[in-house]
Amino acid sequence: MAATGYGYYRVVIFLCMFTGYSLYFFNRKTFSFVMPSVMEEIELDKDDLGMITSSQTMAYAISKFISGVLSDQISARWLFSIGLFLVGGINIAFSWSSTVSMFSLLWFINGLGQGCGWPPCGKVLRKWYEPSQFGTWWSVLSCSMNLAGSLGPLMVTVLLQYYDWRTILAMSGVFCAAFSFVCLIFVKNEPKDVGLPSIEAAAKKGAKGANNKSTLSEFLLSPFLWVLSLGYLVVFGVKTAATDWGQLFLMQEKGQTALMGSTYMSALEVGGFVGSLSAGFISDRAVARKGLSTHGNPRHGLLILMMAGMYVSMYLFRVTITPEIPEEAPLWVQVIHPVSVLLGVSEKEIWILFLGAMFGFSSYGPIALYGVIASESAPSNFCGTSHAVVALMANVGAFMAGLPFSTIAKQHSWNMAFWVAEVIMGITTIAFFLVRNMRTKMGQITEKMD
């Protein structure tokens, strides 16, 4: 009977959190999805767009830290639901606004609400799933972002044919706010809330020994913590630049349609979905085969390979896609031509979709791996702090992908901005390859372990 109880509540709670976090992410990106339509109605330059997106990113970084602390002090169910309601309400208010200052303020508040999403999810998952299942369900839940990111642009593009952008944001906000009440009713913080035995208690009882512990100064002075942080900053910043500005780059400088831009974004998210799940599964096999040691990490090989994939896909995206059709067909056109004839779709469209999926696969994989490596390399008493530090640096990268990135595009071009991101990505990949065998165990190492 207890097993039946666990099964029922796990399904209901997971579906609520999966749907809820999909709505979180969709309503985080609604401005990016409708950006071309907003620019047709309201005069916005690249600095204005960068200010709006960066204000949200900055607030999200602050809020995620605070929410991580709050989720240990108050009900995760209430925190998740309140954040979802706030995000929905802000999207409705955004649809009533028309000035850059109000857009930036509202999107800043949206970012504050967004930070209430993931920390409660992590806490509820840990309470409801055994340690051997936790990582798997964490990966699956994180794919809610890919689902929202892939379906979102297509849904918005279709809806824009019938409604204006204000109506779409208002409808999205209403649905988001309404679903927050569903989450409040059906999400349960832990099994004890419904009369079931605690899973954590059983896990602790079965555990033998304890991981090494270190002081805060020993942990913060670990070089690998900051190598990871800088790597994650670059990867997340480049990924954010591609998702926030890739559609405009295709439309404004590559001569592509709005539908093609939206389809590229969807392909990127579909590739990210596969990349995120693949990275966890493949790297877990590497760890099982080699084990973890004080120097190097079995996950590094896949991490470096995927970072190199980010660089290659960005280079091909920037160089091979052109507004005009070359007189002499390049190699990629000749290779894709049979598929193009079979599907009845142009070679250029297939190529753009392929590059989008390739970049998504290569970028979402490292994003998953950085969080895992940061947690497993840290002392047992600083696992959460380790993930928080690298996640904060990732948000710094996302902030730099806003106003600083759009400023380069304004002063030069989108092509130049993406070239800068491409070069930084290449340098970071080479640097990480060179230090792949450095000491990865953070904090103090016992003599026996050393």
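Structural data are supplied above this passage.
A brief structural summary. Source: prediction; values computed, not measured.

Calculation rules
Residues numbered from 1 in each chain as written. Predicted model: local features only at pLDDT ≥ 70, side-chain atom pairs only at ≥ 80, totals over all residues. Heavy atoms only, no water. Helix = DSSP H or I, 4+ residues; strand = E, 2+ residues; numbered from the N terminus. Buried < 20%, exposed > 50% of the residue type's maximum accessible area, 1.4 Å probe, protein only. Contact = heavy atoms within 4.5 Å. Axes fitted to C-alpha atoms, helices over the stretch in contact; angles between N-to-C directions. Parallel < 35°, antiparallel > 145°, perpendicular 65-115°, else oblique. Left-handed = near helix turned anticlockwise from the far one by under 90°. Nonpolar A, V, L, I, M, F, W, Y, C, P; charged D, E, K, R; others polar. Core = buried A, V, L, I, M, F, W, Y, C linked by side-chain atoms within 4.5 Å. Expected span 1.5 Å × (residues − 1). Phe/Tyr/Trp six-rings, centres within 6.5 Å; stacked < 30°, edge-to-face > 60°. Lys NZ or Arg CZ within 6 Å of the ring centre and 35° of its normal. Disulfide = S-S within 2.5 Å. Polar contact = N/O pair within 3.5 Å; in protein donor to acceptor, adjacent residues only side chain to side chain. Salt bridge = Lys/Arg side-chain N within 4 Å of Asp/Glu carboxyl O. Patch = residues over 30% accessible without salt bridge, like charges linked within 9 Å, V, L, I, M, F, W, Y side chains within 5 Å. Areas by Shrake-Rupley, 256 points an atom, 1.4 Å probe, with all protein chains shown as cover.

### Comments concerning the overall build of the protein
Per the secondary structure count, the protein includes 17 helices and 0 strands. Looking at the 450 residues of the protein, the share that counts as buried comes to 52%. Of the contacts made within the protein by residues no fewer than 6 positions apart, 84% connect residues no fewer than 24 positions apart.

### What to know about the packing of helix α3 (residues 76–94) against helix α4 (residues 100–114)
Contact pair α3 / α4: the axes reach a minimum separation of 8 Å and the direction vectors enclose 165°. Here α3 is positioned roughly antiparallel relative to α4, judged by the angle of their axes. Once α3 is placed against α4, the crossing between them reads as left-handed. Where α3 approaches α4, its residues G83, L86, V87, I90, N91, A93 and F94 are matched on the opposing element by F103, L106, W107, I109, N110, G113 and Q114. The residue makeup of the contact of α3 with α4, split by class, is 9 nonpolar, 5 polar and no charged.

### Some points on the nonpolar core
Core analysis: the largest hydrophobic core is formed by 108 residues, its most contacted members being L228 and W245. Setting aside residues up to four positions removed in sequence, L228 forms contacts with Y370, I373, A374, V390, F432 and M442.

### Section: helix α7 (residues 165–186)
With 22 residues, α7 should cover 32 Å at 1.5 Å per step; its first-to-last C-alpha distance of 32 Å lies within 8% of that length. Those residues of α7 that sit buried are W165, R166, I168, L169, S172, G173, C176, A177, F179, S180, C183 and L184.

### Here's the deal with the packing of aromatic side chains
Throughout the structure, instances matching the rule amount to 26 aromatic pairs. Members of the aromatic cluster, each reached through a chain of ring pairs, are W245, F249, Y264, F317, F405, W414 and F418. Above the ring of Y60, the side-chain terminus of R28 is found at 4.6 Å from the ring centroid. Stacked on the ring of F236, the Lys or Arg K239 has its end atom at 5.3 Å from the ring centre.

### Quick look at the environment of V156
Take V156: it is sitting in helix α6 (residues 131–159). V156 sits 126 residues away from T30 along the chain, and the two C-alpha atoms are 8.5 Å apart. In this structure, V156 is in contact with F26, F33, V34 and I168, ignoring residues within four places of it in sequence.

### What about the state of the cysteines?
The full count for this structure, using the stated rule, is 0 disulfides. With no disulfide of its own, C16 lies closest to C183 among cysteine sulfurs, the gap being 5.2 Å.

### Focus on the packing of helix α11 (residues 258–290) against helix α12 (residues 300–320)
Here α11 crosses α12 at 165°, and the two axes come no closer than 11 Å. Between α11 and α12, the angle falls in the class roughly antiparallel. Like other packed secondary-structure pairs, α11 and α12 cross with a definite hand, here right-handed. Of the residues in α12, those in contact with Y264, G275, A279, I282 and S283 of α11 are L302, M306 and F317. Here the contact of α11 with α12 is built from residues that sort into 6 nonpolar, 2 polar and no charged.

### Examining the side chain of S283
With respect to the helices and strands, the residue S283 is situated in helix α11. A distance of 2.7 Å separates the side chain of S283 from the side chain of R299, its partner in a polar contact. Each residue touching S283, except ones within four places of it in the same chain, is listed here: S278, R299, L302 and L369.

### Overview of the pattern of salt bridges
As enumerated under the stated definition, the model contains 5 salt bridges in all. Among the salt bridges present, the one from K410 reaches D45, with a minimum N-O distance of 3.6 Å. You can see K410 sitting in helix α16 (residues 403–411) and its partner D45 sitting in the loop between α1 (2–41) and α2 (46–70), a full 365 residues away along the chain. Judged by relative accessible area, K410 falls into the partly exposed class, the value being 38%. Where R318 meets E422, a salt bridge forms, and the shortest distance between an N and an O atom there is 2.7 Å. Taken as a pair, R318 in helix α12 and E422 in helix α17 (residues 414–434) lie far apart in primary sequence, 104 residues in all. Pair check on accessibility: R318 and E422 agree, each one buried. A cluster of three or more residues bridged by salt bridges with shared partners is formed by D45, D47 and K410.

### What to know about the environment of S386
Inspection of the secondary structure puts S386 in helix α15 (residues 383–400). For S386, the contacting residues outside a window of four places in its chain are F219, L225, A374, S375, A378 and M442.

### Brief notes about a nonpolar patch on the surface
A contiguous nonpolar patch, built from M58, I62, F65, I66, L70, I74, L392, V396, F399 and M400 and spanning about 790 Å² of accessible area, is present on the exposed surface. Elements that contribute at least two residues to the nonpolar patch include exactly α2 and α15. A total of 5 residues in the nonpolar patch trace back to one element, the largest contributor, which is α2. Mapped onto the elements, M58 comes out in helix α2. For M58, a relative accessible area of 40% corresponds to the partly exposed category.

### Considering the environment of A242
Relative to the elements of secondary structure, A242 occurs in helix α10 (residues 223–252). Judged by relative accessible area, which is 4%, A242 ranks as buried. Counting along the chain gives 114 residues from A242 to G356, while the straight-line C-alpha distance between them is 9.4 Å. Those residues in contact with A242 that sit more than four places away from it in its chain are M265, F359 and F418.

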